[in-house]
Number of protein chains: 2
Amino acid sequence: MTTATTTTDFQSWSHVHLQRVEATLRRVLPAPDIAPQRLHQALRYAVLEGGKRVRPLLAFAAGELANADPERVALAGAAVELIHAYSLVHDDLPCMDDDVLRRGKPTCHVEYDEPTALLVGDALHSLAFQVLGDYRLADDAKTQLEMVKLLAAAAGSRGMAGGQAIDLESVGKALTVTELEFMHIHKTGAIIRASALLGARCGSGLGQKELGQIDLFAKLIGLAYQVVDDVLDAEGSTATLGKTAGKDAKDNKPTYVSAIGAARARELAQELRQNALGALAGFGERALRLRQIADFIVLRKF
Amino acid sequence: MTTATTTTDFQSWSHVHLQRVEATLRRVLPAPDIAPQRLHQALRYAVLEGGKRVRPLLAFAAGELANADPERVALAGAAVELIHAYSLVHDDLPCMDDDVLRRGKPTCHVEYDEPTALLVGDALHSLAFQVLGDYRLADDAKTQLEMVKLLAAAAGSRGMAGGQAIDLESVGKALTVTELEFMHIHKTGAIIRASALLGARCGSGLGQKELGQIDLFAKLIGLAYQVVDDVLDAEGSTATLGKTAGKDAKDNKPTYVSAIGAARARELAQELRQNALGALAGFGERALRLRQIADFIVLRKF
């Protein structure tokens, strides 16, 4: 039994759930002594010991709305995190962002080599779907197939990979806030929305309307996350970020800070947070953790 | 109704089924006018108009053993072909094989650019699983989830991506036939086996023993395919191959030709074909197409 204090304590809640997703990631990643060993070591390097795991936490919080078994959500959250980790490894490659630091460590292609990093991304990508196919994550197989479709669509050319392509095309351009929003809804928003929806689909009892509210919440909080990221990138230090700070400006990438300035970007993050919280109004106390995650995302390092 | 002549005519059979998988690929690939347009054009460039589609043909042939609806098999075959196409785009990148010609056309990163090619591979990879999650491919959702798991495992670090990693490590080494076999069972064999098994799982009525025989057939024919590929690469011309000939020797990659010589490699391909045909003994006439594919693979361009 948990006490009233710990159930409302976001720190303890997230600590417990972070441990759960970390253990699940360790379990689904092939052991480092299985052939090909170097690749398997590199997979673990790219995924374990680092990362805020915001996406799995979002899955757990949404799962609580649907009374989902946390063990199921841990697997769904791990699948999302594997997709996220693959995208970071590929984004850091020399032909993309050419970055050397990630989660406070040398990036995968720096620690290993470029072809290995390419394969690490590819193998993590496949592993995410292996997890969704391999374990029981939903009440019925039909729902679970919909989860496969949901994550695949979120990762694909009309989701995350498409957002990356839009990002590539926007380098050196001055985007409007609407154009920036379009890019981020694809690049990071799609996977954040998938995280919340996958968590909710691990449980039961939610109708299309409620799933739609969770999706709206995740969409708004995903945008807020990006706005905050842009502010942190412009103002933060490499040490606190765990990745190279000031990279966007250096790479001539359009950001919310370059589009509307840091002060207005901070306000925008707060507005998005308020609207996100509004989307949860119908859930009452059950949405406590989602509200806390909204605060965690918007108020971090500000 | 088909006549006795056309049902035994492999050319007509494969023509009909190639058209079917081509139409399916066109349908599941996002239209070129959907944003992000350049990425979607590049996806179609990398997949359409080219490729022997051996893997989908294998899926159709195995599907016939299980009386599978060809429309279902076309979707499963398309998913496998999308995985294959993604792997070719990534393998051709400068940090991997650095190749400029594929299927008689400039490789994706040459025609577009390197970051786009990276994203093309990633987006095709996701799209394969979106297809497996989006359409009804099996009699029940549980079987279809097993198909997701099967393809993901075949593509991942203990399948195709792992085979690529072993390939990277083997450059400049003199491998034994056993070591070559281990590499190819991962690098190309896993997806070839998945093709046959996915085709069979689209239908019904096959037990574990029969699926095991199909798997064994595909394993042997996959190895034969690689042996033939090595001979063709050593002896063929760039024009007939549609990809750069003599690339393996130039890249100092171990091949069956370098390991045992071209003459013995030809014999080995025939032995593998005989053993593969042996694995089909229990199926009788129903395995006609699988037998013809074995011949097609081993006897091509010899």
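Throughout what follows, the structure given in this document is the object of discussion.

Reading the values: rules and limits
Residues numbered from 1 in each chain as written. Chains lettered and ligands numbered in written order. Predicted model: local features only at pLDDT ≥ 70, side-chain atom pairs only at ≥ 80, totals over all residues. Heavy atoms only, no water. Helix = DSSP H or I, 4+ residues; strand = E, 2+ residues; numbered from the N terminus. Rg over C-alpha atoms; globule rule 2.2 N^0.38 Å. Buried < 20%, exposed > 50% of the residue type's maximum accessible area, 1.4 Å probe, protein only. Contact = heavy atoms within 4.5 Å. Areas by Shrake-Rupley, 256 points an atom, 1.4 Å probe, with all protein chains shown as cover. Lys, Arg positive; Asp, Glu negative; His and termini not counted. Charge placed at Lys NZ, Arg CZ, Asp CG, Glu CD. Core = buried A, V, L, I, M, F, W, Y, C linked by side-chain atoms within 4.5 Å. Least-squares fit on C-alpha atoms with pLDDT ≥ 70 in both. Salt bridge = Lys/Arg side-chain N within 4 Å of Asp/Glu carboxyl O. Phe/Tyr/Trp six-rings, centres within 6.5 Å; stacked < 30°, edge-to-face > 60°. Lys NZ or Arg CZ within 6 Å of the ring centre and 35° of its normal. Disulfide = S-S within 2.5 Å. Buried area = accessible area lost by both parts, 1.4 Å probe. Axes fitted to C-alpha atoms, helices over the stretch in contact; angles between N-to-C directions. Left-handed = near helix turned anticlockwise from the far one by under 90°. Nonpolar A, V, L, I, M, F, W, Y, C, P; charged D, E, K, R; others polar. Expected span 1.5 Å × (residues − 1). Arc of directions from axis to C-beta. Polar contact = N/O pair within 3.5 Å; in protein donor to acceptor, adjacent residues only side chain to side chain.

**Quick look at the overall build of chain A**
Next, step 1: Check the secondary structure of chain A and you find 16 helices and two strands.
Next, step 2: For a compact globule of 302 residues, the expected C-alpha radius of gyration is about 19 Å, and chain A comes in at 18 Å, within 12% of that figure.
Next, step 3: The C-alpha extent of chain A, read off along each of the three principal axes, is 50 × 50 × 35 Å.
Next, step 4: A total of 302 residues make up chain A; the buried ones form 58% of that total.
Next, step 5: A fraction of 73% describes how many contacts in chain A between residues 6 or more apart in sequence connect residues 24 or more apart.
Next, step 6: With the model as given, the accessible surface of chain A reaches about 11600 Å², and the carbon-plus-sulfur share is 53%.
Next, step 7: Positive and negative side-chain charges of chain A, numbering 34 and 37 respectively, have mean locations separated by a distance of 3 Å.

**Let's talk about the nonpolar core**
Next, step 1: Within the largest apolar cluster, 214 residues are counted, with the highest numbers of intra-cluster contacts made by L82, L124 and L151 of chain A together with L82, L124 and L151 of chain B.
Next, step 2: When neighbours within four sequence positions are excluded, L82 of chain B is seen to be in contact with L25, V28, L29, V47, L124, L127, A128 and V131 of chain B.

**With respect to the relation of the copies chain A and chain B**
Mapping one chain copy onto the other needs a rotation about an axis and a shift along that axis.
Next, step 1: Rotating chain A by 180° about the axis while translating it 0.0 Å along that axis superimposes it on chain B, leaving an RMSD of 0.0 Å. As the rotation angle and translation indicate, the two copies are arranged about a two-fold axis. Of the C-alpha atoms belonging to chain A, the one lying closest to the rotation axis is found on A141 of chain A, 2.6 Å away.
Next, step 2: When the interface residues of chain A are mapped onto chain B, 100% of them are again interface residues, pointing to one common binding face.

**Some words on the pattern of salt bridges**
Next, step 1: For the coordinates displayed, the defined rule picks out 40 salt bridges over all chains.
Next, step 2: One salt bridge connects E49 of chain B with R26 of chain B, and the closest N-O pair in it is separated by 3.7 Å. In this pair, E49 of chain B sits in the loop between α3 (37-47) and α4 (54-65) while R26 of chain B sits in helix α2 (residues 10-28), placing the two residues 23 residues apart along the sequence.
Next, step 3: With relative accessibility at 38%, the residue R26 of chain B sits in the partly exposed group.
Next, step 4: In this structure, D295 of chain B engages R273 of chain B in a salt bridge whose closest nitrogen and oxygen atoms are separated by 2.5 Å. Note that D295 of chain B is positioned in helix α16 (residues 288-299) and R273 of chain B in helix α15 (residues 262-279), a separation of 22 residues in sequence.
Next, step 5: R273 of chain B sits in the buried class, given a relative accessible area of 14%.
Next, step 6: Via salt bridges that share partners, E22, R53, E81 and R103 of chain A belong to a single interconnected network.

**Quick notes on the packing of aromatic side chains**
The description of two aromatic rings rests on the distance between their centres and on the angle between their planes.
Residues and elements named next belong to chain A.
Next, step 1: Tallied over the full model, the rule gives seven aromatic pairs over all chains.
Next, step 2: Ring pairs connect the aromatic residues F10, W13 and F296, which therefore count as one cluster.
Next, step 3: Here K105 stacks its cationic end above the ring of Y45, 4.2 Å away from the centre of that ring.

**A few points about the state of the cysteines**
Next, step 1: The final tally for this structure, using the stated rule, is zero disulfides over all chains.
Next, step 2: C108 of chain A carries a free sulfur, and the closest cysteine sulfur to it, the one in C95 of chain B, is 12 Å from it.
Next, step 3: A relative accessible area of 7% means that C108 of chain A is categorised as buried.

**Description of unusual backbone geometry**
Residues and elements named next belong to chain A.
Next, step 1: Of the consecutive residues A35 and P36, the connecting peptide bond is found in the cis state with omega at -5°.
Next, step 2: Positionally, P36 belongs in the loop between α2 (10-28) and α3 (37-47).
Next, step 3: One non-glycine residue, R53, lies in positive phi territory at about 60°.
Next, step 4: Within the secondary structure, R53 is located in the loop between α3 and α4 (54-65).
Next, step 5: Assessed through its relative accessible area of 3%, R53 is described here as buried.
Next, step 6: Non-glycine residue D98 carries a positive phi angle of around 50°.
Next, step 7: As for its placement among the helices and strands, D98 is situated in the loop between α5 (70-91) and β1 (101-102).

**A few points about the interface of chain A and chain B**
Next, step 1: Listed by partner, the interface residues are 47 residues for chain A and 47 residues for chain B.
Next, step 2: With both sides pooled, the region where chain A packs onto chain B buries about 3800 Å², and carbon together with sulfur makes up 73% of that total.
Next, step 3: At the boundary of chain A and chain B, one finds two salt bridges.
Next, step 4: With a shortest N-O distance of 2.9 Å, D134 of chain B and K149 of chain A are connected by a salt bridge.
Next, step 5: Put simply, the parts of the chain that give the side of chain A that touches chain B at least two residues each are α3, α5, α7 (114-134), α8 (141-155) and α9 (160-170) of chain A.
Next, step 6: If one sorts the elements of the side of chain A that touches chain B by residue count, α7 of chain A sits on top with 14 residues.

**Observations regarding the packing of helix α9 (residues 160-170) of chain B against helix α10 (residues 177-201) of chain B**
For any two helices packed against each other, one specifies the crossing angle of their axes together with the interaxial distance.
Residue and element names in this part refer to chain B.
Next, step 1: Closest axis-to-axis distance for the α9/α10 pair is 7 Å, and the angle between their directions is 145°. The way α9 lies across α10 gives a crossing that is left-handed. Here α9 contributes M160, G162, G163, Q164, I166, D167 and S170 to the contact with α10, which in turn contributes F182, M183, H186, K187, A190 and I191.
Next, step 2: In terms of residue class, the contact of α9 with α10 is built from six nonpolar, five polar and two charged.

**A look at the side chain of H84 of chain A**
Next, step 1: You can see H84 of chain A is positioned in helix α5.
Next, step 2: Ignoring anything within four residues of it in the chain, the contact list for H84 of chain A reads R55 and R103 of chain A.

**Structural notes on the environment of A165 of chain A**
All names here are of chain A.
Next, step 1: Tracing the chain through its elements places A165 in helix α9.
Next, step 2: A165 sits in the buried class, given a relative accessible area of 5%.
Next, step 3: Taking C-alpha positions, A165 is 8.9 Å from M183, a pair spaced 18 residues apart along the chain.

**Let's talk about the environment of T176 of chain A**
Next, step 1: Mapped onto the elements, T176 of chain A comes out in the loop between α9 and α10 (177-201).
Next, step 2: T176 of chain A sits 118 residues away from L58 of chain A along the chain, and the two C-alpha atoms are 29 Å apart.

**Some details on α2 of chain B**
Given 3.6 residues to a turn, an α-helix orients residues that are three or four positions apart in the same direction.
Residue and element names in this part refer to chain B.
Next, step 1: The terminal C-alpha atoms of α2 lie 27 Å apart, and with 19 residues this matches the ideal 27 Å at 1.5 Å per residue to within 8%.
Next, step 2: Of the residues making up α2, those classed as buried are F10, W13, S14, H17, V21, E22, T24, L25 and V28. Along α2, the residues classed as buried sweep out an arc of 160° about the axis, all on the same side.
Next, step 3: The opening residue of α2, the one whose side-chain oxygen lies 3.0 Å from the backbone nitrogen of Q11, is D9.

**Some details on the environment of A174 of chain A**
All names here are of chain A.
Next, step 1: Inspection of the secondary structure assignment puts A174 in the loop between α9 and α10.
Next, step 2: By relative accessible area, A174 is classed as exposed at 79%.
Next, step 3: Separated by 161 residues in the primary sequence, A174 and W13 have C-alpha atoms spaced 41 Å apart.

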